[in-house]
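# Summary of the model geometry
The lines below spell out each chain.
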Amino acid sequence: METKIFQIEELDDAAELLKRGELVAFPTETVYGLGADALLPESVKQVFQVKGRPSDNPLIVHVADFKMTEHFVDKYHPLTEKIVQHFWPGPLTLIFPIKKNSLSPVVTGGLSTAAFRMPDNKKTLELIKKTGAPLVGPSANTSGKPSPTTAEHVYHDLKGKIAGILDDGATQIGVESTVLDLSGSIPIILRPGAVTKKQLEEVLQTEVLLDKHLVKESETPKSPGMKYKHYSPDTPVVMVRDNDWESAIQWAEQNQKAVGLLVGPMIGNKFQSADRYIFQDDTVEAATRGLYSGLRALDEADHSDVILTQIFEENELGAAYMNRLKKAAGQKYFEKNS
Ligand code: AMP
Ligand code: MG
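Notes on the structure in this doc start here. The model shown is predicted, which means the values in this text are computed figures rather than measured ones.

The strand order across the open sheet formed by 11 strands is β1-β8-β2-β3-β7-β4-β6-β5-β9-β10-β11, and the pairing between neighbours is mixed. With partners counted over all chains shown, the strands left at the sheet margins are β1 (4-6) and β11 (209-210), one partner each. Of the pairings in the sheet, the one linking strand β5 (residues 92-97) to strand β9 (residues 178-181) comprises 4 bridges and is parallel in character. Bridged to Ile-95 within β9 is Asp-181. Of the strands in this sheet, β5 and β9 touch helix α3 (residues 80-87), which is tilted by about 155° from β5. Contacting β1, β2 (24-26), β3 (33-37) and β8 (164-166), helix α6 (residues 151-158) crosses the sheet at an angle of about 165° to β8.

Here's what the structure looks like:
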């Protein structure tokens, strides 16, 4: 199959393919999604096949507006209106109980709830409208690879396997959406993302909980997808605390390890010799935007024995960055005396 790259003005052609049951990747503010009409179970099955995604990991249903969820949702949480008004379109996925048989078990993994999001990308919202149905959209990568943040990443992983990619350049945020469970009485964050616990609590004026596994690593996550090991590059990834950079570089020199650096300019400028992927600036926003891209680049270049990465405090956006990085690093930190 030829995978066509659609420029942003070729929306009609992309929508035509989706209507026919083909798969088309679409841009969002978080990462690129692998789109299929959520109401065509055969197409949704192909999404799992193409990605190699475990079938018990339910998909997010992407809508063009809040009204589109009404056909499926059985009961809204009392805070829904406030949340949607404030955070949609945006990087916040909401879980609601759904009407029986309103969505195929292929989409929901057989659960009685489903995940919904209105992405903040005008062209993708238009694409959903033109298709006339919500789109499922897991990240458009091969399972086990970092999520794609450019159309080129999607092409690299899925060329020949999907009908098209709608190209809108690099994504703004760089990691997947926050997942908020609104199916019980207290809102619970199941996956950290760019909409933070603090932001939610400020807007809602009520406590928002974190799923047990986000507080204690040994707990089983409520969200089926969070139990899977995400990207672990062939090259080992090791996290380095701010005060340990000198020691880490010394250790590498002494042990003749070729080092890949995934860091902001402040650290990157101190260590010129290494194979480096430098984030745009030293903020956690820039690091989050560059994380997957950097891991892909350093791992594929295959120049390094080890990738050393910068860490951030695990609050606000740092919680999302560290959640993804820790998975890539298998929780491993550089320890001075080892
Ligand atoms: P992805 O499509 O890869 O961004 O992943 C979607 C995330 O939402 C995964 O972690 C899923 O397990 C999670 N998810 C989707 N539907 C539900 C649901 N009904 N209940 C809990 N988690 C869900
Ligand atoms: Mg994914």
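Running from N to C, α6 and helix α11 (residues 284-301) point in directions that differ by 50°, and their axes come no closer than 11 Å. Between α6 and α11, the crossing angle belongs to the class labelled oblique. Helix-helix and strand crossings are classified by hand; for α6 and α11 the assignment is left-handed. Between α6, through His-153, His-156 and Asp-157, and α11, the contact on the second element is made entirely by Ser-293, Arg-296 and Glu-300.

Using the criterion set out here, one finds 9 aromatic pairs in the structure. With centroids separated by 5.2 Å and ring planes inclined at 90°, the aromatic side chains of Phe-312 and Tyr-321 adopt a geometry described as edge-to-face. Against the face of Tyr-333 rests Arg-241, its NZ or CZ located 4.3 Å from the ring centre.

A separate point is the pairing of strand β10 (residues 188-191). On a regular strand, one side chain projects to one face of the sheet and the next to the other, so that they alternate. As judged from the 3 bridges shared by β9 and β10, these two strands associate in the antiparallel manner. The partner of Val-179 across the bridge, within β10, is Arg-191. In sequence, β9 turns back onto β10 through a hairpin of 6 residues. Bridge analysis of β10 against β11 gives 2 bridges, and the strand direction is parallel. Bridge pairing in β11 places Ile-188 opposite Leu-209. Where the polypeptide runs from β10 across helix α7 (residues 197-204) and back to β11, its parallel neighbour, the crossover connection is right-handed.

By the secondary structure assignment, Pro-224 is in the loop between α8 (212-215) and β12 (237-240). In this structure the C-alpha to C-alpha distance between Pro-224 and Asn-57, which are 167 residues apart in sequence, comes to 5.4 Å. Contact partners of Pro-224, with chain neighbours within four places excluded, come to Asp-56, Asn-57, Pro-58 and Leu-111.

Here the focus is the pairing of β5. Across the 6 residues that make up β5, a large majority, 6, are buried. Here β5 shows no split at all, with Leu-92, Leu-94 and Phe-96 on one side and Thr-93, Ile-95 and Pro-97 on the other all buried. Looking at chain direction, β5 and strand β6 (residues 113-117) are connected through 4 bridges and run antiparallel. Residue pairing in the sheet places Pro-97 in a bridge with Thr-113 of β6.

Relative orientation of the contacting elements helix α1 (residues 11-19) and helix α5 (residues 122-131) amounts to 50°, with a least axis distance of 9 Å. By the angle between their directions, the pair α1 and α5 is classed as oblique. Relative to α5, α1 is oriented so that their crossing is right-handed. Along the contact surface, α1 presents Leu-11, Asp-12, Ala-14, Ala-15, Leu-18 and Lys-19, while α5 presents Lys-123, Glu-126, Leu-127, Lys-130 and Thr-131. When grouped by side-chain class, the residues that make up the contact of α1 with α5 number 5 nonpolar, 1 polar and 5 charged.

Ranked by internal contacts, the top residues of the largest apolar core, which has 61 residues, are Ile-83, Leu-92, Leu-94, Phe-116, Leu-127, Ile-162 and Leu-180. At 5 residues, α1 tops the list of elements feeding residues into this core. Discounting chain neighbours no more than four positions away, the residues touching Leu-92 are Ile-83, Phe-87, Phe-116, Arg-117, Ser-177, Thr-178, Leu-180, Val-195 and Leu-200. Counting residues in each nonpolar core, the second largest holds 26 residues, with Ile-173, Ile-307, Tyr-321 and Ala-329 among its members.

Thresholds applied
Residues numbered from 1 in each chain as written. Chains lettered and ligands numbered in written order. Predicted model: local features only at pLDDT ≥ 70, side-chain atom pairs only at ≥ 80, totals over all residues. Heavy atoms only, no water. Pairing = 2+ DSSP bridges. Helix = DSSP H or I, 4+ residues; strand = E, 2+ residues; numbered from the N terminus. Contact = heavy atoms within 4.5 Å. Axes fitted to C-alpha atoms, helices over the stretch in contact; angles between N-to-C directions. Parallel < 35°, antiparallel > 145°, perpendicular 65-115°, else oblique. Left-handed = near helix turned anticlockwise from the far one by under 90°. Phe/Tyr/Trp six-rings, centres within 6.5 Å; stacked < 30°, edge-to-face > 60°. Lys NZ or Arg CZ within 6 Å of the ring centre and 35° of its normal. Right-handed = clockwise from strand over helix to strand, strands pointing away. Buried < 20%, exposed > 50% of the residue type's maximum accessible area, 1.4 Å probe, protein only. Nonpolar A, V, L, I, M, F, W, Y, C, P; charged D, E, K, R; others polar. Core = buried A, V, L, I, M, F, W, Y, C linked by side-chain atoms within 4.5 Å.

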